[in-house]
Amino acid sequence: MKKSIYVYLLLGILLPFLAACGSTPKNNAAQTASVSQEISKGIEQVRQSASYVLQPGDLLDVKVFMEEDMDRILRISGNGSITYPLVGTVPVAGYTVEQAEANLAEALRMYLKNPQVSILIKEYGNKTVYVLGQVKKPSSIEIPPEKSMTVLEAITSAGGFTDVAAVSKVRILRMQDGKQHTLDVDVTQITKQGNKAMDIALMPGDVVFVPQSLF
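These numbers were taken from a predicted model, which means no experiment stands behind them. (Residues numbered from 1 in each chain as written. Predicted model: local features only at pLDDT ≥ 70, side-chain atom pairs only at ≥ 80, totals over all residues. Heavy atoms only, no water.)

(A) Quick look at the overall build of the protein chain. Tallying secondary structure elements over the protein chain gives six helices and 10 strands in all. Counting all 215 residues of the protein chain, 40% fall into the buried class. Carbon and sulfur atoms make up 54% of the accessible area of the protein chain, which totals about 12100 Å². (Helix = DSSP H or I, 4+ residues; strand = E, 2+ residues; numbered from the N terminus. Buried < 20%, exposed > 50% of the residue type's maximum accessible area, 1.4 Å probe, protein only. Areas by Shrake-Rupley, 256 points an atom, 1.4 Å probe, with all protein chains shown as cover.)

Okay, here's the thing in structure tokens:
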């Protein structure tokens, strides 16, 4: 399900990107393909990163070596925990996969000898946004419970812009009602002109993409 959403995200960037550029169709196609590849690669790098922290809503495939009867597919609850055989409720949200594996293994030591736990993320929670492109720390960011997160807050959480960022051409890629929407945000209007209306509140699944400046 998640993969199909991001396929639509990548395909949906085509028309708005072409409209924003004044180059030839051939150059447009090449530029669009490059941006799409960068977004796709960025999402995968964030997801595969050892620093990714588990979040409520993530679906986990949990296994213990040589203990097949304990294999479970579990979704992290809203309070950040999973319920696992023998040990009951175990907090996992806010930890990396490696840390969650170690925590669960430690809890199981009371019942099993030297348990070896492996956790695979099967689906990602729906409270995540991605900040990619010309930011200092391209990453996934969890929208805080019962709060909102704006474009500027997300970019700040990702370390801010790089020196070659096109600050006035930030784009939000959003799937809504089964359709791809592209929202343009000129961050200079927020930071230099105080136009708070431009600081759009993000929705779960949004991709904030910061292109490179051409000048």
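(B) Just the environment of Arg75, in detail. Position of Arg75 among the secondary structure elements: in strand 2 (residues 72–75). With a relative accessible area of 43%, Arg75 lands in the partly exposed category. Taking the C-alpha atoms as reference points, Arg75 and Leu60, 15 residues apart in sequence, are found 5.9 Å from one another. With residues near it in sequence (within four places) discarded, Arg75 still touches Gly57, Asp58, Leu59, Ser81, Ile82 and Glu123. Here Gly57 takes part through its backbone oxygen, which lies 2.7 Å from a polar atom of the side chain of Arg75. (Contact = heavy atoms within 4.5 Å. Polar contact = N/O pair within 3.5 Å; in protein donor to acceptor, adjacent residues only side chain to side chain.)

(C) Spotlight on a nonpolar patch on the surface. Taken together, the side chains of Leu86, Met110 and Tyr111 present a nonpolar region at the surface, about 370 Å² in accessible area. When you line up the elements, Tyr111 lands in the loop between helix 4 (97–108) and strand 5 (117–123). (Patch = residues over 30% accessible without salt bridge, like charges linked within 9 Å, V, L, I, M, F, W, Y side chains within 5 Å. Salt bridge = Lys/Arg side-chain N within 4 Å of Asp/Glu carboxyl O.)

(D) Summary view of the nonpolar core. One finds Leu54, Leu60, Val62, Tyr84, Val92, Leu108 and Val117 to be the most contacted residues of the largest nonpolar core, which totals 26 residues. Of all elements in the fold, only strand 1 (59–64), strand 3 (81–84), helix 4, strand 5, strand 6 (128–133) and strand 10 (207–210) reach the threshold of two or more residues within this core. When neighbours within four sequence positions are excluded, Tyr84 is seen to be in contact with Val62, Val64, Met70, Arg72, Leu74, Leu104 and Leu108. Within the second largest apolar cluster, 20 residues are counted, among which are Ile143, Val151, Ala165 and Val185. (Core = buried A, V, L, I, M, F, W, Y, C linked by side-chain atoms within 4.5 Å.)

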